[in-house]
Amino acid sequence: MRYCEESPPRQLLEAIRQFNNGDWFECHETLEDLWVGEEGEVREFYQGVLQVAVALHHWRNGNFGGAISLLKSGVEYLSRVSAVCQWVDVAAFINAAGRMREALKQLGAEGMAALDSSLIPVLRVVS
């Protein structure tokens, strides 16, 4: 069992790179391998990031309902995690995912492609 205070495993660093490069489906696959074997706070962390990655994949593919739903559930998982987990700024990620969800809701399904790209969440590592 891993803990938030620990250094990130190699697979998480790979998932962060994939997420920030817009490789959201690949990020989901990488995190799923980590998530399956975990429990507790770190499991919630992996599952939350995984769900936000899938939400972004849905957004890019025009699935408004999937994007909105998974942004919400991803934030719900992450809200049960420390502000920083395995070097990731979880608090900032939660805020970014929430801002994106609100912007998408305002744009609606027809306008979701016009989302300002600066609203796409990024996983930030803090020291």
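Our subject is the structure listed above.
All of these numbers come straight from a predicted model, not from anything done at the bench. Numbering of residues starts from 1 in every chain and runs along the sequence as written. In view of the model being predicted, local features appear only for residues whose pLDDT reaches at least 70, and side-chain atom pairs are presented and counted only at 80 or more, with totals across whole chains, interfaces and linings using the full set of residues. Note that the side-chain values use all heavy atoms of the structure and ignore hydrogens as well as water.

J.: Even after reading the chapter, I still don't get the nonpolar core, so can you show me in this structure?
T.: The nonpolar core is taken to be a set of buried Ala, Val, Leu, Ile, Met, Phe, Trp, Tyr and Cys residues, with the residues joined through side-chain atoms within 4.5 Å. Relative accessibility under 20% of the residue-type maximum defines a buried residue, over 50% an exposed one, and the middle range a partly exposed one, all with a 1.4 Å probe and only protein chains included. Residues Phe19, Leu31, Phe45, Trp59 and Leu104 are the most contacted members of the largest nonpolar core, which totals 41 residues. Within the residue set of this core, elements represented by two or more residues are helix H1 (10-20), helix H2 (24-36), helix H3 (40-60), helix H4 (64-78) and helix H5 (90-111). By the criteria applied, helices consist of DSSP H or I runs no shorter than four residues and strands consist of E runs no shorter than two, each listed in order from the N terminus. Ranked by residue count, the leading element in this core is H3, at 11 residues. Excluding residues that lie within four positions of it along the chain, Leu31 makes contacts with Leu12, Ala15, Tyr46, Val49 and Leu50. Throughout, a contact is declared for two residues whenever any of their heavy atoms are within 4.5 Å.

J.: Mind showing me how you'd approach the state of the cysteines here?
T.: By definition, a disulfide is the covalent link that joins the sulfur atoms of two cysteine residues. Cysteine sulfur atoms that come within 2.5 Å of each other are treated as a disulfide pair. Counting across every chain of the model gives one disulfide. Each sulfur in the disulfide pair Cys4 and Cys85 lies 1.9 Å from the other. Residues Cys4 and Cys85 are joined by a disulfide whose S-S torsion is about -85°; by sign, that bridge is left-handed. Taken as a pair, Cys4 in the segment before H1 and Cys85 in strand E1 (residues 84-85) lie far apart in primary sequence, 81 residues in all. By relative accessible area, which is 6% here, Cys4 ends up buried. Cys27 forms no disulfide, and the closest cysteine sulfur to it belongs to Cys85, at a distance of 14 Å. The exposure class assigned to Cys27 is buried, which follows from its relative accessible area of 0%.

J.: How do you make sense of the environment of Met1 when you look at a structure like this?
T.: Within the secondary structure, Met1 is located in the segment before H1. Each C-alpha atom of the pair Met1 and Ile94 lies 24 Å from the other, and the pair is 93 residues apart in sequence. Beyond its immediate sequence surroundings of up to four residues, Met1 is in contact with Glu6, Glu38 and Glu39.

J.: In this structure, what is going on with unusual backbone geometry? I would like to understand it.
T.: A negative phi angle is the norm for most residues apart from glycine, just as the trans form is the norm for most peptide bonds. Of note, the phi angle at Gln86 is positive, near 50°, even though the residue is not glycine. You can see Gln86 is positioned in the loop between E1 and strand E2 (88-89). The exposure class of Gln86 is buried, given its relative accessible area of 0%. Notably, Trp87 is not glycine yet its phi reads approximately 75°, a positive angle. With respect to the helices and strands, the residue Trp87 is situated in the loop between E1 and E2.

J.: Please explain the pattern of salt bridges as it appears in this structure.
T.: By salt bridge we mean one thing: a side-chain nitrogen of Lys or Arg within 4 Å of a carboxyl oxygen of Asp or Glu. All chains considered together, the criterion is met by five salt bridges. Between Glu44 and Arg80 there is a salt bridge, with its nearest N and O atoms 2.6 Å apart. With Glu44 in helix H3 and Arg80 in the loop between H4 and E1, the pair connects residues that are 36 residues apart, well separated along the chain. With relative accessibility at 22%, the residue Glu44 sits in the partly exposed group.

J.: Just to check I follow, could you spell out H2 for this structure?
T.: Since the α-helix packs 3.6 residues into each turn, any two residues three or four apart lie on the same face. For a helix, the expected span equals 1.5 Å multiplied by the number of residues minus one. For H2, with 13 residues, the first-to-last C-alpha span of 18 Å sits near the 18 Å given by 1.5 Å per residue. Residues of H2 that are buried include every one of Trp24, Cys27, His28, Thr30, Leu31, Leu34 and Trp35, and no others. On the buried face of H2, the contacting elements are H1 and H3.

J.: Even after reading the chapter, I still don't get the environment of Ile16, so can you show me in this structure?
T.: As for its placement among the helices and strands, Ile16 is situated in helix H1. Residue Ile16 is classed as buried on the basis of its relative accessible area of 7%. Distance in space between the C-alpha atoms of Ile16 and Val125 is 8.8 Å, their sequence separation being 109 residues. Residues in contact with Ile16, not counting those within four places in the same chain, are Val88, Leu123 and Val125.

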